[in-house]
Amino acid sequence: MNLERHFVNRIRQQAKTRQNATALRHKINGLWKDISWNAFQQQLDQLSLAFLACNIQAQDKIIQAIDEMDDIMVEKFSTTFDKINYQFNLVFRELFGGGRAEIKYTDPNNILETGIDIDVQPPGKSVSNITLFSGGEKALIAISCLFAILKVRPVPMCILDEVEAALDMANVERFAKFLREFSSQTQFIVVTHREGTMEECDLLYGATMQQKGVTKLVSVKLEEAVDFSNDQHQGGV
């Protein structure tokens, strides 16, 4: 008896489930019938057009911002370039004792991508290609350009590694005097073996090997060394 009742209840539940499924299916079909596909497509098209318009507007603003930045960079670079060019000629004439020097754009119509050429003529020489200069002359030209840049845009510290190694004694002295002149606004750390440069330094650091295989660092303040030497000389007299 209980088994029959169980089967009857199960059959009733299945029938009820089928009725509910059928009702849901009818509701879903009714919903699909109520949808206006034309209106839906129109809204979708409107959204697509609005999205495209926003993208175009954003792209235009970005391009405008880039153009404005390019204009500012060209203006600032050109202004600085002209100042360095002016100072380059002055420093070159002072280091070489005359002549002329100029830096030029390789492509004046495209400042942001142009290269830069150096056109120099020392006194008494007519050289069309910078590669034809001697090693010392090339070094002095590079030093002239460096000091020109420092005059326009000073920096707190500058490290120079034997930049005057190829110069003769007279040009080494000129180079050292320029270092002394700029030392009030820029601190220079110079690696050198030239006496003329060392004479203009405030503080010397050197390495010595008093014992084989043992390196010792020494430092000398030239001002104190000069005073000590003078005192010793006066005491000897």
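Residues numbered from 1 in each chain as written. Predicted model: local features only at pLDDT ≥ 70, side-chain atom pairs only at ≥ 80, totals over all residues. Heavy atoms only, no water.

A.B. asks: Just to check I follow, could you spell out the nonpolar core for this structure?
C.D. replies: Among soluble globular proteins, nonpolar side chains are generally buried collectively. One finds F88, F147 and F188 to be the most contacted residues of the largest nonpolar core, which totals 31 residues. Where this core is concerned, the elements lending two or more residues are α2 (37-96), β1 (100-105), α3 (135-152), β3 (157-161) and α4 (169-182). Non-local contacts of F188, meaning those with residues more than four positions away in its chain, are made with F147, L150, C158, L160, L179, F182 and S183. (Core = buried A, V, L, I, M, F, W, Y, C linked by side-chain atoms within 4.5 Å. Buried < 20%, exposed > 50% of the residue type's maximum accessible area, 1.4 Å probe, protein only. Helix = DSSP H or I, 4+ residues; strand = E, 2+ residues; numbered from the N terminus. Contact = heavy atoms within 4.5 Å.)

A.B. asks: Just to check I follow, could you spell out the packing of aromatic side chains for this structure?
C.D. replies: Two descriptors summarise a pair of aromatic rings, namely the distance from one centre to the other and the angle between the planes of the rings. Scanning the entire structure with this criterion turns up nine aromatic pairs. Summarising the aromatic geometry, the rings of F77 and Y105 are spaced 6.3 Å apart at their centres and angled 35° between planes, so their arrangement reads as tilted. Here Y105 lies in strand β1 and F77 lies in helix α2, a separation of 28 residues in the sequence. Both rings, one in F88 and one in F92, keep their centres 6.3 Å apart while their planes meet at 65°; by these two values the pair is edge-to-face. (Phe/Tyr/Trp six-rings, centres within 6.5 Å; stacked < 30°, edge-to-face > 60°.)

A.B. asks: Sorry if this is basic, but what is going on with the pattern of salt bridges here?
C.D. replies: Following the criterion strictly, the structure yields five salt bridges and no others. For the salt bridge of E137 with K125, the shortest nitrogen-to-oxygen distance reads 2.2 Å. Of this pair, E137 sits in helix α3 while K125 sits in the loop between β2 (116-121) and α3, and the two are 12 residues apart along the sequence. The class for K125 is partly exposed, based on a relative accessible area of 36%. Salt-bridge contacts for R180 lead to D202; the nearest nitrogen and oxygen are separated by 3.0 Å. Of the two residues, R180 is situated in helix α4 and D202 in the loop between α5 (195-199) and β5 (203-211); the sequence distance between them amounts to 22 residues. A relative accessible area of 33% places R180 in the partly exposed class. Through salt bridges that share partners, R100, K104 and D119 make up one connected network. (Salt bridge = Lys/Arg side-chain N within 4 Å of Asp/Glu carboxyl O.)

A.B. asks: In this structure, what is going on with a nonpolar patch on the surface? I would like to understand it.
C.D. replies: Together, M69, M73 and L112 line one region of the surface with nonpolar side chains, adding up to about 290 Å² of accessible area. Residue placement: L112 occurs in the loop between β1 and β2. (Patch = residues over 30% accessible without salt bridge, like charges linked within 9 Å, V, L, I, M, F, W, Y side chains within 5 Å. Areas by Shrake-Rupley, 256 points an atom, 1.4 Å probe, with all protein chains shown as cover.)

A.B. asks: I keep staring at the packing of α3 against α4 and nothing clicks. Help me out?
C.D. replies: The relative placement of two packed helices is expressed as an angle between their axes plus a distance between the axes. At their nearest, the axes of α3 and α4 sit 12 Å apart, and the two run at 10° to each other. The angle between α3 and α4 falls in the class roughly parallel. Here the hand of the crossing between α3 and α4 comes out left-handed. Of α4, the residues touching α3 (which contributes L140, I143, F147, L150 and K151) are N171, F175, F178, L179, E181 and F182. (Axes fitted to C-alpha atoms, helices over the stretch in contact; angles between N-to-C directions. Parallel < 35°, antiparallel > 145°, perpendicular 65-115°, else oblique. Left-handed = near helix turned anticlockwise from the far one by under 90°.)

A.B. asks: Even after reading the chapter, I still don't get the side chain of T186, so can you show me in this structure?
C.D. replies: Here T186 lies in the loop between α4 and β4 (187-191). Not counting the four nearest positions on each side in its chain, T186 is found in contact with V155, P156, M157 and C158.

A.B. asks: Teacher, can you tell me more about unusual backbone geometry here?
C.D. replies: What you tend to see is this: most non-glycine residues have negative phi, and most peptide bonds are trans. Positive phi values are uncommon outside glycine, yet E162 reaches one of about 50°. Here E162 shows up in the loop between β3 and α4.

A.B. asks: Is there a simple way to explain the environment of L160 in this structure?
C.D. replies: Position of L160 among the secondary structure elements: in strand β3. Since its relative accessible area comes to 4%, L160 is described here as buried. Discounting chain neighbours no more than four positions away, the residues touching L160 are L146, F175, L179, F188, I189, V190 and V191.

Limitation: the analysis is restricted to geometry and does not speak to function.
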